[in-house]
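# Descriptive analysis of the structure
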Amino acid sequence: VCFSVLSSGINAEYGGHGTSENLKSRAATTEGEKLRVIVSRSHAGSVESTAKEAFPGKTVDVTPAGGAGFKTIEVIEDRQDIYVHTTIIKKWDICAGDAILRALGGKQTDLRGEEINYRHDLNPKNEHGLIATMHDHEDYRKALQGVSHS
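Notes on the structure in this doc start here. Keep in mind the model is a prediction, meaning the values are calculated, not measured.

What counts, and where the lines are drawn
Residues numbered from 1 in each chain as written. Predicted model: local features only at pLDDT ≥ 70, side-chain atom pairs only at ≥ 80, totals over all residues. Heavy atoms only, no water. Helix = DSSP H or I, 4+ residues; strand = E, 2+ residues; numbered from the N terminus. Buried < 20%, exposed > 50% of the residue type's maximum accessible area, 1.4 Å probe, protein only. Contact = heavy atoms within 4.5 Å. Axes fitted to C-alpha atoms, helices over the stretch in contact; angles between N-to-C directions. Parallel < 35°, antiparallel > 145°, perpendicular 65-115°, else oblique. Left-handed = near helix turned anticlockwise from the far one by under 90°. Nonpolar A, V, L, I, M, F, W, Y, C, P; charged D, E, K, R; others polar. Polar contact = N/O pair within 3.5 Å; in protein donor to acceptor, adjacent residues only side chain to side chain.

Structurally, Arg41 can be placed in the loop between β3 (34–40) and α1 (47–54). When its relative accessible area of 61% is taken as the criterion, Arg41 is described as exposed. Residues Arg41 and Ala65, spaced 24 residues apart in sequence, show a C-alpha to C-alpha distance of 4.7 Å. Beyond its immediate sequence surroundings of up to four residues, Arg41 is in contact with Pro64, Ala65 and Gly66.

Take the packing of helix α2 (residues 68–76) against helix α3 (residues 91–103) next. The contact between α2 and α3 brings their axes to 8 Å, and the two run at 15°. Relative to α3, the element α2 is oriented roughly parallel. As α2 packs across α3, the resulting crossing turns out to be right-handed. Packed against α2, whose contacting residues are Ala68, Gly69, Thr72, Val75 and Ile76, the element α3 presents Asp93, Ile94, Gly97, Ile100 and Leu101 at the interface. For the contact of α2 with α3, the class distribution of residues is six nonpolar, three polar and one charged.

Relative to the helices and strands, Thr72 resides in helix α2. You can call Thr72 buried: its relative accessible area is 3%. Among the polar contacts made by the side chain of Thr72, one reaches the main-chain carbonyl oxygen of Ala68 at a distance of 3.0 Å. Excluding anything up to four places from it in sequence, Thr72 contacts Tyr83, Gly97, Leu101 and Gln108.

Written out as structure tokens, the structure is:
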């Protein structure tokens, strides 16, 4: 069972058996030419300039924030379109958000487009950045391929 605290209340998802009403999939609501990108406050790196280059013709609004789970919830709640992280991040910081995102039809991968493997016997560091979205994941990821993941 995964629990989350969203602005709409506490919600749960039970191992593929269903979700609470507040956790039903949300449709894409991107405002025309505006793209909302949330990034790590402490590891923003070149994300802002890269995002602006990757999405010409769009107004890119970058929000720095703390907490991987918080940034994922911002995407789920449709306050941000994309969560992008370009540096190493520990898998334990991103696994819960990934589970909730997937339960709602969203997607989180590394910047290469590969699923993040959380097996206990593997490296606990995700070394290839991440992108989390509720919609248009592959389009956003391809546009951001130039983002350094070092």
